Amino acid sequence: MKAIVIGSGVGGLAMAIRLAVKGYEVHVFEKNGTTGGKIGEIRRDGFRFDTGPSLLTLPSLLDELFLLAGRKRDDRLPLVRLDMLCRYFYEDGTEIDAWSEPRRFAAEVEQKPGRTPGMSSVTWTSAGPSTSSRPIFSLSLPAQGTQLPPAQGGPGHPPLSPGRCLPEHAPAQHAPLPGSPRCPALRPLRHLQRVRPHRAPATLNLIAHLEHNLGAYLPATGMREAIRALEVLARELGVHFHLNSRVEEILTSGRRVRGIRVGGGVESCDRLVSDADIHHLYRDLLPGKPAPAFSMDKLSSSALIFYWGVRGHHPRLEVHNILFSTDYKAEFRSIFNERTLFQDPTVYLYLSSRVVPGDAPGDGENWFAMINVPPDTGQDWTGLVNRAREHILDKIRRMLSIDLRDRIVCEDVQAPPDIEQATLSWKGALYGQNSNSPFAAFLRHPYRHRTLHNLHFVGGSVHPGGGIPLCLASAAIADREFDPVSPNPTDP
């Protein structure tokens, strides 16, 4: 049995490994010269930058892949658990250290302005995982219809409420959520989910549980190492990689896929898995098949990222840092309604050299500076990039007392058009459909095609969603449709 995987993002690599373990002859076709999708890297002038995700949660999903192949993840991909998730900076001078240990984080918040004595906004994270929350991680939506998971959380947890938006504050029987009116300084923390906080599904409350209770990690040699480890594992299992091979068309016959057109030739297959952006797949690879209604109004945000090699050391900064806007609701209105950049953007700074010293020369640091921006709808990105650069540098100088203008020794930039060109993500949207709806997670494209019975989907633009853990979970969900291949074709 031959299976083809289109795309080699983390979801496609995970699917290739799972199929190889089951005995399939697996071929991965990737348009770029390297695997990894959005998990890329830039090397320049002695600096190394992760270009995509900068944090890893639920490493058990990676462990499962290595165990399926009879290996141990620790031997191939050592991880560093972060003691501090992020350092938050506010315009009024407030700084909050988000310690991964829940009680320590709670104690930190207690000491900050705007707190009511004796009332912690994060005490609920100190509870163990709720049994009713577990179905969220393994929930698989069939092609038609679904069963929603239980709506209540466990003791000490807020209700998951999959049909509701994130509440402004938790019900009386639950401890206040981060960002409640009882702790104004924590409200913008929901910005990190890159959704409109007042419209996001309440199931995103699980993010704090993942980070504080199960841990947030970085590979010891950078995020890109996760891709290298998975690719090596896949090759050891016999997976065939075809790089610089952009798929031109998916060929069908009746209600089945029969192969792909690539490089002017045809590759046949018994099963096909797409790790490509769902918009790109229907628009370019399956033009004759009915496509879901794609709307610009439903696209997620994109990103504008500056990769700065910086001279000098700045001990005030952690691995992950957030410089918040003074009006984050207006920032989201600017992104999603006006389709432009906000004049006072929230800035995310990621310095992997804090964990991976080799990512920067001994006298420097690698700064990944990102702001949320709208997807590409024809804006003047040259002008917007120049304007955003000045806003970001001014904000860093104002809030951190660091003037980077004479310390930047090298620079690269990625705007939404660059992201679309590199990853084929429609309009540069990072996660396909946005999460600005309480039912967003349940309305994403399912893991298999409704009429083509041997076409399956993984990756961040389909169910269950974007981000490394959900992409890995998408492969686990799709894998349930595949039976092991008999080692002897003559067996009944």
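Residues numbered from 1 in each chain as written. Predicted model: local features only at pLDDT ≥ 70, side-chain atom pairs only at ≥ 80, totals over all residues. Heavy atoms only, no water.

### Details of the confidence of the model for the chain
Of the residues in the chain, 77% reach a pLDDT of 70 or more, and the chain-wide mean stands at 82. Long-range and interchain partners of residues 115-159, a stretch whose pLDDT sits below 50, account for 120 contacts in this model, where long-range means more than four residues apart. Across residues 167-184 the pLDDT falls below 50, and counting only partners more than four positions away or on other chains, this stretch makes 49 contacts in the model. (pLDDT = per-residue confidence, 0-100. Contact = heavy atoms within 4.5 Å.)

### Comments concerning the environment of Tyr90
Relative to the elements of secondary structure, Tyr90 occurs in the loop between strand 6 (84-89) and strand 7 (95-99). By relative accessible area, which is 11% here, Tyr90 ends up buried. (Helix = DSSP H or I, 4+ residues; strand = E, 2+ residues; numbered from the N terminus. Buried < 20%, exposed > 50% of the residue type's maximum accessible area, 1.4 Å probe, protein only.)

### Overview of the packing of helix 2 (residues 60-68) against helix 7 (residues 224-236)
Each packed pair of helices is defined by two parameters, the angle between the axes and the distance between the axes. Where helix 2 contacts helix 7, the two axes come as close as 11 Å, and the packing angle between them is 20 degrees. With respect to helix 7, the axis of helix 2 lies roughly parallel. When you trace helix 2 past helix 7, the crossing you get is left-handed. Between helix 2 and helix 7, the contacting residues are Leu62, Leu65 and Phe66 on the first element and Ala229, Leu230 and Leu233 on the second. Of the residues in the contact of helix 2 with helix 7, the class split is 6 nonpolar, no polar and no charged. (Axes fitted to C-alpha atoms, helices over the stretch in contact; angles between N-to-C directions. Parallel < 35°, antiparallel > 145°, perpendicular 65-115°, else oblique. Left-handed = near helix turned anticlockwise from the far one by under 90°. Nonpolar A, V, L, I, M, F, W, Y, C, P; charged D, E, K, R; others polar.)

### Examining the nonpolar core
Ranked by internal contacts, the top residues of the largest apolar core, which has 74 residues, are Leu19 and Val26. Looking at which element gives the most residues to this core, the answer is helix 1 (residues 10-21), with 8 residues. Core analysis: the second largest hydrophobic core is formed by 28 residues, Phe89, Leu323, Ile408 and Ala415 among them. (Core = buried A, V, L, I, M, F, W, Y, C linked by side-chain atoms within 4.5 Å.)

### Some thoughts on the sheet that holds strand 9 (residues 240-242)
Read across the sheet, 5 strands follow the order 9-2-1-13-19 without closing on themselves; strand pairing throughout is parallel. Of all the strands in the sheet, just strand 9 and strand 19 (455-457) have a single pairing partner and so form its edges. Mean inter-strand twist for the sheet, computed between neighbouring axes without regard to direction, equals 20 degrees. Pairing of strand 1 (residues 2-6) with strand 2 (residues 25-29) involves 5 bridges; the strand directions are parallel. Within the sheet, the bridge partner assigned to Val5 lies in strand 2 and is Val28. (Pairing = 2+ DSSP bridges.)

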